[in-house]
Amino acid sequence: MEREAVFSGYCRCLDGSRMVAVEIGENGCADVGCGYADCPYAAGCPIGQKITAFLSE
């Protein structure tokens, strides 16, 4: 099942607002439109928290 979502909020890396698209393909692989996987702020980033919740659904 494919799923997609768009999240907006404050990005700590950019120090500003941003929109990030997240798509999960039929193979279960996620395509995240930012550096979420390597972001040092992902756990404390408002967008990162939304992405984490979406991926765990």
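All values derive from a computational prediction rather than experimental measurement.

In this structure, what is going on with the sheet that holds strand 2 (residues 16–24)? I would like to understand it.
The strands that make up a sheet pair up through hydrogen bonds in the backbone, lying either parallel or antiparallel. The three strands are arranged 1-2-3 in an open sheet whose pairing can be described as antiparallel. Each edge of the sheet is formed by a strand with only one pairing partner; in this case those strands are strand 1 (3–11) and strand 3 (30–32). Going across the sheet, the axis of each strand differs from the next one's by a mean of 20°, ignoring polarity. Where strand 2 and strand 3 come together, three bridges link them in antiparallel fashion. Note that in strand 3 the partner of I24 across the bridge is A30. Helix 1 (residues 46–55) rests against strand 1, strand 2 and strand 3 of the sheet, and its axis sits at about 160° to strand 1.

Help me understand the side chain of R3 in this model?
Inspection of the secondary structure puts R3 in strand 1. Within the structure, the side chain of R3 is placed 3.1 Å from the side chain of E57, a separation counted as a polar contact. In this structure R3 touches V22, E23, I24, F54, L55 and E57, once residues within four positions along its chain are discounted.

For this particular structure, what's the right way to read the environment of A42?
Locating A42 in the fold gives a position in the loop between strand 3 and helix 1. Remark: the alpha-carbon pair of A42 and A30, spanning twelve residues in sequence, is separated by 16 Å. The contact partners of A42, leaving out residues within four places of it in the chain, are Y36, G48 and Q49.

Explain the packing of aromatic side chains to me, please; I cannot follow it from the model alone.
Geometrically, a pair of aromatic rings is defined through the distance of the ring centres and the angle of the planes. Applying the stated criterion to the full structure yields one aromatic pair. Here F7 and F54 contribute two aromatic rings whose centre-to-centre distance is 5.8 Å and whose plane-to-plane angle is 70°, an arrangement assigned as edge-to-face. In this pair, F7 sits in strand 1 while F54 sits in helix 1, placing the two residues 47 residues apart along the sequence. Given the relative accessible area of 14%, F7 is considered buried. Directly above the ring of F54 sits R3, whose terminal nitrogen or CZ lies 4.5 Å from the centroid.

About the cut-offs
Residues numbered from 1 in each chain as written. Predicted model: local features only at pLDDT ≥ 70, side-chain atom pairs only at ≥ 80, totals over all residues. Heavy atoms only, no water. Pairing = 2+ DSSP bridges. Helix = DSSP H or I, 4+ residues; strand = E, 2+ residues; numbered from the N terminus. Axes fitted to C-alpha atoms, helices over the stretch in contact; angles between N-to-C directions. Contact = heavy atoms within 4.5 Å. Polar contact = N/O pair within 3.5 Å; in protein donor to acceptor, adjacent residues only side chain to side chain. Phe/Tyr/Trp six-rings, centres within 6.5 Å; stacked < 30°, edge-to-face > 60°. Buried < 20%, exposed > 50% of the residue type's maximum accessible area, 1.4 Å probe, protein only. Lys NZ or Arg CZ within 6 Å of the ring centre and 35° of its normal.

Geometry only, nothing functional implied.
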